[in-house]
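Observations on chain architecture
Residues per chain, in single letters:
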Amino acid sequence: MARRKASPGADQPVPPQGADRAFDLLVVGGGMVGAAFALACAGKGLAIGLVEARPPQRDWPKGEFDLRVSALGRASQRMLERLGAWGRIAALGASPYRRMHVWDGVGGAAITFDSADLGEPDLGHIVENRAIQLALWERLEQAPDLTLISPASIADLERGPQGSRLVLGDGRILEGRLLVAADGRDSLIRELAGIPTQGWDYDQQAIVANVRPEQWHQETAWQRFLPTGPLALLPLADGRCSIVWSATEGRAEELLALDDHDFSVALTEASEDRLGRIRVDGHRAAVSLRLQHAERYVEPGLALIGDAAHAIHPLAGQGVNLGFLDAAELAAALDLARVRRRDIASLWILRRYERARRGENLAMLMAMDAFKRAFGSQLPPLVAARGLGLALTDRMQPLKRLFMGRALGLGEGLPPLARP
Ligand SMILES: Cc1cc2nc3c(=O)[nH]c(=O)nc-3n(C[C@H](O)[C@H](O)[C@H](O)COP(=O)(O)OP(=O)(O)OC[C@H]3O[C@@H](n4cnc5c(N)ncnc54)[C@H](O)[C@@H]3O)c2cc1C
């Protein structure tokens, strides 16, 4: 077996001898994507182990809204419905948004997308990440043949023709025929497996906060493109908004250093008073932004899904939506292995997943990167060109419907779990 060790930490692993548990499928990372994937594979005759560093948060004060939220499209919603988690997510709080208004902070051109034009009730929902994870975990806890191993850290990975051996921080040894890495952007499994990534830092930070606007948000997601980065105001059911304000490092540092009053003033100004005066409600946090793509998603006995495979600029709220489609596509490939009596760890099976997802994800990564660059420029010809593009698209209903349909997940080529 090829052996790779995690950098030495506080935990002192004991040397691997016999495995404590052996699984068909070993998933590392029980965040939104890993949990959805494990659930999609459960109850189909596979012994599944899910290793997660931190168990999900179980409860929080009513009315409190976490800073980490996701805008979920229809394909993700359908998938969560089929996994039996959507009802619980809706009960925990899912705020629909019916329109999206995007405008250029320099040229002023704008475009509005309205769900009514598609005959749809909404364009998606804003949901707290912790609510999605908890709803999935509650289902996982009832799933047959599934073992949750959490909290747990990873000390060592060995890989060989028969599968992978994970040594946990407490010395336990787990074996898996197929190892799936869903351990996020800084995936340790990807690193231990020696899979390189390509990409670049955006030299931007995304500031997240909850805010209270003076005027009603009209169940509209507002996005203004500023030369320093996009500002998004996502509507919450109680009238507040969750903001994602991406800004160059220097600008982000300035904004983070402001007190609440001055930050609120800067935010009101940056949103051009579209919702009146805006007041920040609670604390702020910031995440540095990076474009990152794994050079390959699969190797014999190993697959990467979600942010472990790709990290995208949050400007169009696509990251976890792409990750859910990875999960659905890999689960479909494993279903095929069962039907055809093929090895779930074989490249023949795993490449189906990679073929279905890698090109799609790359196209989305590059499209968002192009958007970010085009709107980051103040060069007059570029400002004029994007203004013309926005204005023309806004008037072309069929094109707008096409964009909205794709963003909503009404298009073709979706994996079975996400299909209408
Ligand atoms: C500011 C911001 C706004 C965003 N908004 C949106 C949006 O509106 N819509 C959208 O679709 N996406 C959005 N995203 C992207 C989205 O948050 C990510 O794509 C998503 O969280 C990825 O999910 P994941 O499960 O792949 O990874 P993660 O959420 O990173 O989960 C990884 C899990 O693995 C666990 N883990 C990590 N290492 C180990 C280990 N060694 N051992 C065991 N467990 C481990 C972690 O504890 C965690 O639970 C946004 C991102 C940012 C930064």
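Note that the coordinates shown come from a computational prediction; the quantities given were computed from them, not determined experimentally.

**Considerations on the overall build of the chain**
From N to C terminus, the chain includes eleven helices and 20 strands. A globule of 420 residues ought to have a C-alpha radius of gyration of about 22 Å, and the chain, at 22 Å, matches this closely. In terms of overall dimensions, the chain has a C-alpha envelope of 65 × 45 × 40 Å along the principal axes. Put simply, 74% of the contacts in the chain that link residues at least 6 apart link residues at least 24 apart. Of the accessible surface of the chain, which amounts to about 18100 Å², a share of 52% is contributed by carbon and sulfur atoms. Taking the 50 positively charged and 51 negatively charged side chains of the chain as two groups, their mean positions are separated by 6 Å.

**Overview of the site of the ligand**
Around the ligand sit 28 residues, and of these E52, A71, D307, V320 and N321 come closest. Residue A53 places a main-chain N or O atom 3.0 Å away from a nitrogen atom belonging to the ligand. One of the backbone nitrogen or oxygen atoms of A71 is found 2.7 Å away from an oxygen atom of the ligand. The set of elements that each furnish at least two residues to the shell around the ligand consists of α1 (32-41), β4 (69-72), β13 (197-213) and α8 (319-340). Residues that form the shell around the ligand fall into these classes: 15 nonpolar, nine polar and four charged.

**Some words on the sheet that holds strand β7 (residues 110-114)**
Spatial strand order, β7-β6-β14-β15-β16-β13-β17-β20: eight strands in an open sheet with mixed pairing. Two strands close off the open sheet at either side, each with one partner strand: β7 and β20 (310-311). Sheet topology places strand β14 (residues 220-226) next to strand β15 (residues 229-235); five bridges connect them, and they run antiparallel. In the strand pairing of β15, R224 is matched with L231.

**A short note on the pattern of salt bridges**
The final tally for this structure, using the stated rule, is 26 salt bridges. The shortest N-O distance in the salt bridge between R290 and D201 comes to 3.8 Å. Residue R290 is located in strand β17 (residues 278-294), and its partner D201 is located in strand β13; the two are separated by 89 residues in the primary sequence. The exposure class assigned to R290 is partly exposed, which follows from its relative accessible area of 22%. Residues R284 and D260 are paired through a salt bridge, measuring 2.8 Å at the closest nitrogen-oxygen approach. Here the residue R284 occupies a position in strand β17, and D260 occupies one in helix α7 (residues 260-270), the gap between them amounting to 24 residues. Accessibility expressed as a relative area gives 18% for R284, which makes it buried. The class for D260 is partly exposed, based on a relative accessible area of 40%. A network of salt bridges, in which partner residues are shared, links R212, D238, R240 and D281.

**Observations regarding helix α9 (residues 347-376)**
Between the first and last C-alpha of α9 there are 41 Å, a value that for 30 residues agrees with the 44 Å anticipated at 1.5 Å per step. A bend of about 30° at E354 is the largest found in α9. Restricting attention to buried positions, one finds in α9 the residues I349, L350, Y353, E354, R357, N361, L365, M368, D369, K372 and F375.

**Focus on the packing of aromatic side chains**
Enumeration according to the criterion identifies three aromatic pairs in this entry. For the pair W103 and W222, a centre-to-centre distance of 6.4 Å together with 90° between the ring planes defines the contact as edge-to-face. Of this pair, W103 sits in strand β6 (residues 99-104) while W222 sits in strand β14; the two residues are 119 residues apart in sequence, bridging distant segments of the chain. The pair W103 / W222 is uniform in exposure class, with both members buried. Between Y297 and Y353, the aromatic rings sit 6.0 Å apart at their centres with planes inclined by 35°, giving tilted as the arrangement. One end of the pair, Y297, is in the loop between β17 and β18 (298-299); the other, Y353, is in helix α9, and 56 residues separate them in sequence.

**Section: the layout of surface pockets**
Gaps left between atoms are located by rolling a probe of water-molecule size over the structure's atoms. There is about 250 Å³ of room inside the second largest pocket. Every residue lining the second largest pocket is counted, 15 residues in all, and those nearest its centre are K62, G63, E64, L92 and G93. Counting residues per element, the lining of the second largest pocket draws most heavily on helix α3 (residues 86-93), at three residues. Considered class by class, the residues forming the lining of the second largest pocket number seven nonpolar, three polar and five charged.

**Observations regarding the sheet that holds strand β8 (residues 124-128)**
Read across the sheet, three strands follow the order β4-β8-β5 without closing on themselves; strand pairing throughout is antiparallel. A single partner strand is all that each edge strand has here, and the edge strands are β4 and β5 (94-97). Going across the sheet, the axis of each strand differs from the next one's by a mean of 25°, ignoring polarity. Pairing analysis gives four bridges linking β4 to β8, with the strands arranged antiparallel. Within β8, the position partnered with A71 by the bridge is I126.

**Comments concerning the environment of S187**
For S187, the position within the fold is in the loop between β12 (173-181) and α5 (188-192). On the accessibility criterion, S187 (1% relative accessible area) is buried. Measuring from C-alpha to C-alpha, the distance between S187 and V28 comes to 9.3 Å, with 159 residues separating the pair along the chain. Contact partners of S187, with chain neighbours within four places excluded, come to A181 and A308.

**Considering a positive patch on the surface**
Together, R340, R342, R351, R352 and R355 make up a region of like positive charge exposed at the surface. For the positive patch, the leading source of residues is α9, giving three residues. Residue placement: R340 occurs in helix α8. Its relative accessible area of 48% is what places R340 among the partly exposed residues.

What counts as what
Residues numbered from 1 in each chain as written. Predicted model: local features only at pLDDT ≥ 70, side-chain atom pairs only at ≥ 80, totals over all residues. Heavy atoms only, no water. Helix = DSSP H or I, 4+ residues; strand = E, 2+ residues; numbered from the N terminus. Rg over C-alpha atoms; globule rule 2.2 N^0.38 Å. Contact = heavy atoms within 4.5 Å. Areas by Shrake-Rupley, 256 points an atom, 1.4 Å probe, with all protein chains shown as cover. Lys, Arg positive; Asp, Glu negative; His and termini not counted. Charge placed at Lys NZ, Arg CZ, Asp CG, Glu CD. Near = heavy atom within 4 Å. Polar contact = N/O pair within 3.5 Å; in protein donor to acceptor, adjacent residues only side chain to side chain. Nonpolar A, V, L, I, M, F, W, Y, C, P; charged D, E, K, R; others polar. Pairing = 2+ DSSP bridges. Salt bridge = Lys/Arg side-chain N within 4 Å of Asp/Glu carboxyl O. Buried < 20%, exposed > 50% of the residue type's maximum accessible area, 1.4 Å probe, protein only. Expected span 1.5 Å × (residues − 1). Bend = angle between axes of the 7 residues up to and from the residue. Phe/Tyr/Trp six-rings, centres within 6.5 Å; stacked < 30°, edge-to-face > 60°. 1 Å grid on protein atoms, 1.4 Å probe; cavity = no way out; pocket = protein on both sides within 12 Å on 5 of 7 lines; lining within 4 Å. Points joined across faces, edges and corners; volume = space filled by probe spheres on them. Axes fitted to C-alpha atoms, helices over the stretch in contact; angles between N-to-C directions. Patch = residues over 30% accessible without salt bridge, like charges linked within 9 Å, V, L, I, M, F, W, Y side chains within 5 Å.

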